[in-house]
Amino acid sequence: MQRQKAFFVFLLVLSLVSIAGCKKLIPSKFEIETSSELGPNTLDRIDDLNDTIATGVEIGPETRATIEELNKTVEEGLEFGFTEDTLQRVDVLLGMVEQGVGIKAGLDAETNRTVNNLIETLDDQPGQWENTMTEIIHTLEGSTSRVAEQMADEVERLMVDARVNTQQLSASMGAEFRCNVDFMSTRAGDTVDQFIGRSLVGRLQGIVSGEEPEEEDEIPVPMVCQMVPDQISLEKIGDEFVFDNAVVRISGYNFVEENKPNAFVVDEKGDPVESVELYPFLNSPYQIQVNLQDIDFSDVPTRSRVVFEWPQSGSFFAMAMVLPSEEPTPTVEVKPELTVDAAGIEVRIGPGNKYFSLGKAALGAVYEVTGHNGSQSWWQIDFDGDLGWLPDSVVTRNEVPVGAASSLPLDPPSAAFSMDPSTGKAPLEIHFLDESTGDPTFNTWYIIPEGGNASQLGGGEEITYEFASEGNYTVKLYVENEWGEDEVEKSIYIDEPDELIIVQPIFKVTLEPVIFPTATPGYTRNIIFRNYTDIPAGEPFTTDIRTDQYNCGVVSLAGLDGDIKESKVGNVFKLWLSRTGTYWKIDANFRTHNDQEDWSIGLMCVEKSLSTFYSSIYIRPPESMTVTLDPTAYPIPENYTCSIAGFDIKNVNVEDDSAGDIIQVFTRKNEDGEWEVTADYMEEGGEENWLVQMMCFYDNQAKILDYDDSLTHLDIFDVSAGAYRTNISSSEYACGVAGMHAISGEVKEDHDGDIIRVYTYMYDGRWWVYADFRSEDQHEKWDIDLICAHRSVVGISPSQWRGEWIKR
């Protein structure tokens, strides 16, 4: 009890004055400094006396005289100092006053009886020790005895210790722990609570009786209840034998520091194994632990054991050590293998150089051979989990035989074409016909004048080209299918004309018929915006938009929940529109592990009378990531605007180790008024090429906002602070993405996640743009081109385009 001053007040004096009618014989209070030699116990007793006298208890003459004598003794001590004799006399006088007013030094009889009955209950029902000890504390706190409060504090501290021991035992030995030895002459099989409860009985009896526990002359005999684990099973890691569980725990009682056991390893004869030293330690009165972490038991003989010995009592316990069984050395299986003898060799997906490449094999690399083609001119190998092919001419094989490959890919295309006529005088119109085999799915024609650059003429099975001037020309046809690619070139010499004629070259290509509008066509509801969700990757999805009525382009996209596959060269990203059949189809796929991502796609479609659709614009970065469209091959009217409709990115090995521009694909007019298409994807190695689709439509200035309009000119942004809010009213316009450029990002290829999200949505009366590619650390920045159409000419369901519609 802390206080600066204690006031020793005897209210009895007032009673004496009122009864005897005499003068006050002693002062009503004394100020006793805490720095005096009266200890806190004496001050507490004085407080108890004052409290008791204040209740009006009857005090006899002898007690009054004792109080007066006590006051005089205290006065002398305050004046002359408290000697040892003075302190002893104060203690005696306090005891006499306490006895006179009925304050007992120990527990009163009723409290003592109640507490002892509760201790007996604890002995009978040790598992209920927490409830019983709580009741003991409440009983002591309700007593008037001077020592009851002190006893309550001691019992509460004992209870806290018991809880800690219970938690330690339960954590290390488990809630089902049972002590299967006779504890204090009681039954066996105690649980943790019973075990702890029984250990508390004697200590509670000592607190209540006030007697110090007798010191035992002999070290107690340790009683082991349980060992966890029951044996030490070793594992072989490298050249060492180690115990994976690391710690051995022994639970029981009578564990004391003075009787801590020795621990050592002995062989089956009982002879110590000197190479291993163990050091047990006392974790609590109920548990001993031995830490065996990282100890090498490789020198321990088989059938050895760990012994715990208490030398003072002669007690010991042991547990078996189980060494890992010696497994027979497996017979090394010699596999058919080959070694690469040249640098920079492409590993193909099939047995031939026309097949697409999976990547390059390093010089000296060794691969398992899984088969061969019929002539054994190509060998099928395990190329990092994929089946690849290498030519026999650049490898050395071991002698292990291998059979033919169990499966072969379909044939790549073989490029071929005819031309009619094959020569003549300028100007000369020649008709070219694609006669390639192998079912090519894509082709592109090129004209290359001698000493000049190649001009791309577009695709198509047939094409007619007029050579305006004499000279040597090369005509090239490039074809590909799902498995590979091929190209073929033919040379043509055009003679000079009979007379000088000034002509301009005219390109004629087979295109989808374009119905050009009148000079100022009027839009009604000729444009529709529609979106679709939950499109599986790599599976063509059929929309409800008719191909005979509309041309379409992708204006929003999101590839969700995919794991990017970064290794090897291959087709990386496909967002392709198909107009074969009655309805437009969407084929969306990003190269991921197991093709498991889902897609959400938004389309903008314009009536065919006001639009045209160009497919298979061929771009081959990094040689040239921007292609200028020849107006004769792509006759886009002057009053039309264009947007990217779809694309297919092929032969890419994803760059995942450095930052850069991740992806860009957009179309704009150059200074000469010619349309250009730019496309590039961040890669390392490979022979990247793009097939781009483009939709062009009538640019009614009153109804259309294209990429160079002030409202659609967006600042470069990233989504670290959220989506980009435009100034375009969602009640006046419908908007989508016409082109995109992801700047300064690093592809994050590991783990599942949303791959790419570039989409528009309505919120708070405005159009918003969200753009994000799964990248490392900070977000990449985006440059977005928008295309918008006035709501008066658009069919759109606003509820489809609100919020994060991509996850609908």
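These figures come from a predicted structure and were not determined experimentally. (Residues numbered from 1 in each chain as written. Predicted model: local features only at pLDDT ≥ 70, side-chain atom pairs only at ≥ 80, totals over all residues. Heavy atoms only, no water.)

A. Up close: the nonpolar core. One finds Y681, W782 and I784 to be the most contacted residues of the largest nonpolar core, which totals 102 residues. Setting aside residues no more than four positions away along its own chain, W782 makes contact with I663, D715, I716, F717, M740, H741, A742, I756, V758, A771, D772 and F773. (Core = buried A, V, L, I, M, F, W, Y, C linked by side-chain atoms within 4.5 Å. Buried < 20%, exposed > 50% of the residue type's maximum accessible area, 1.4 Å probe, protein only. Contact = heavy atoms within 4.5 Å.)

B. Broad picture of the environment of F717. As for its position among the elements, F717 is in the loop between strand 42 (704–705) and strand 43 (724–729). F717 sits in the buried class, given a relative accessible area of 7%. A C-alpha to C-alpha distance of 8.6 Å links F717 and E780, two positions 63 residues apart in sequence. (Helix = DSSP H or I, 4+ residues; strand = E, 2+ residues; numbered from the N terminus.)

C. Spatial organisation of the sheet that holds strand 8 (residues 247–253). If you trace the 4 strands from one edge of the open sheet to the other, you get 5-8-11-10, paired in antiparallel fashion. Each of the sheet's edge strands pairs with one partner strand only, and the pair in question is strand 5 (223–228) and strand 10 (281–284). Sheet twist, expressed as the average angle between the axes of neighbouring strands with direction ignored, equals 30 degrees. Relative to strand 8, strand 5 is paired through 5 bridges, and the arrangement is antiparallel. For M227, the partnering residue across the bridge sits in strand 8 and is I250. (Pairing = 2+ DSSP bridges. Axes fitted to C-alpha atoms, helices over the stretch in contact; angles between N-to-C directions.)

D. Local environment of the pairing of strand 45 (residues 756–763). Burial runs high along strand 45: 7 of the 8 residues are buried. Pairing analysis gives 3 bridges linking strand 32 (residues 550–560) to strand 45, with the strands arranged antiparallel. Following the sheet pairing, L557 is matched in strand 45 by V758. The turn joining strand 45 and strand 46 (residues 766–773), which pair antiparallel and follow one another in sequence, is formed by 2 residues; a positive phi near 55 degrees is taken by D764.

E. Inspection of the pattern of salt bridges at higher detail. The tally for this structure, following the rule as stated, stands at 12 salt bridges. Here R303 and E268 are joined by a salt bridge, their closest N and O atoms 3.0 Å apart. Here the residue R303 occupies a position in the loop between strand 11 (287–291) and strand 12 (305–310), and E268 occupies one in the loop between strand 9 (262–266) and strand 10, the gap between them amounting to 35 residues. Under the relative-accessibility criterion, E268 is labelled partly exposed at 45%. With a shortest N-O distance of 3.7 Å, R757 and D754 are connected by a salt bridge. Assigned by exposure class, R757 and D754 land together as buried. The structure contains a network of salt bridges with shared partners spanning E480, D648 and K650. (Salt bridge = Lys/Arg side-chain N within 4 Å of Asp/Glu carboxyl O.)

F. Highlighting the confidence of the model for the protein. Confidence in the prediction of the protein, expressed as mean pLDDT, is 80, and 81% of residues score 70 or more. Across residues 1–36, where pLDDT falls below 50, the model places 68 contacts with residues more than four positions away in sequence or in other chains. In the model, residues 500–521 has pLDDT below 50 throughout and makes 45 contacts with residues more than four positions away in sequence or in other chains. (pLDDT = per-residue confidence, 0-100.)

G. Geometry of unusual backbone geometry. Cis geometry marks the peptide bond from D420 to P421; its omega dihedral reads -5 degrees. Examined against the element boundaries, P421 turns out to sit in the loop between strand 21 (417–420) and strand 22 (424–425). For the peptide bond that leads from A426 to P427, omega is -5 degrees, which places it in the cis range. Along the polypeptide, P427 turns up in the loop between strand 22 and strand 23 (428–434). In this structure, A246 is a non-glycine residue whose phi angle is positive, near 75 degrees. Note that A246 resides in the loop between strand 7 (240–243) and strand 8.

H. Local environment of the packing of aromatic side chains. One pass over the full model with this rule turns up 30 aromatic pairs. On the basis of an interplanar angle of 70 degrees and a centroid distance of 6.4 Å, the ring pair of W675 and Y707 is categorised as edge-to-face. Taken as a pair, W675 in strand 40 (residues 675–681) and Y707 in the loop between strand 42 and strand 43 lie far apart in primary sequence, 32 residues in all. Here the aromatic rings of Y763 and W768 are separated by 5.8 Å at their centres, their planes lie at 65 degrees, and the arrangement is edge-to-face. (Phe/Tyr/Trp six-rings, centres within 6.5 Å; stacked < 30°, edge-to-face > 60°.)

I. Just the environment of G81, in detail. You can see G81 is positioned in the loop between helix 3 (61–80) and helix 4 (84–101). Overall, G81 belongs to the partly exposed group, its relative accessible area being 28%. Leaving out residues up to four positions away in the same chain, G81 has contacts with E76 and T86.

J. Spotlight on the state of the cysteines. In the structure shown here, the tally under the stated rule is 3 disulfides. The residue that forms a disulfide with C552 is C605, at a sulfur-sulfur distance of 2.1 Å. Judged by the torsion about the S-S bond (110 degrees), the C552/C605 disulfide is right-handed. Taken together, the residues C552 in strand 32 and C605 in strand 35 (residues 598–607) connect sequence positions 53 residues apart. Considered together, C552 and C605 belong to a single accessibility category, that of buried residues. (Disulfide = S-S within 2.5 Å.)

K. The packing of helix 5 (residues 109–124) against helix 6 (residues 129–141), seen in detail. Where helix 5 contacts helix 6, the two axes come as close as 10 Å, and the packing angle between them is 175 degrees. Looking at the two axes, helix 5 sits roughly antiparallel to helix 6. Contacts between helix 5 and helix 6 involve T111, T114, V115, L118, I119 and L122 from the former and W129, T132, E135, I136, T139 and L140 from the latter. Of the residues that constitute the contact of helix 5 with helix 6, the class distribution is 7 nonpolar, 4 polar and 1 charged. (Parallel < 35°, antiparallel > 145°, perpendicular 65-115°, else oblique. Nonpolar A, V, L, I, M, F, W, Y, C, P; charged D, E, K, R; others polar.)

L. Region of interest: the sheet that holds strand 38 (residues 640–650). Spatially, the 6 strands line up as an open sheet ordered 31-34-33-38-41-36, and their pairing is antiparallel. The strands lining the two open edges of the sheet, one partner per strand, are strand 31 (541–546) and strand 36 (611–619). Within this sheet the neighbouring strands show an average axis-to-axis angle of 25 degrees, counted without direction. Where strand 33 (residues 573–578) meets strand 38, 3 bridges bridge the pair, whose relative direction is antiparallel. In the strand pairing of strand 38, F573 is matched with I649.

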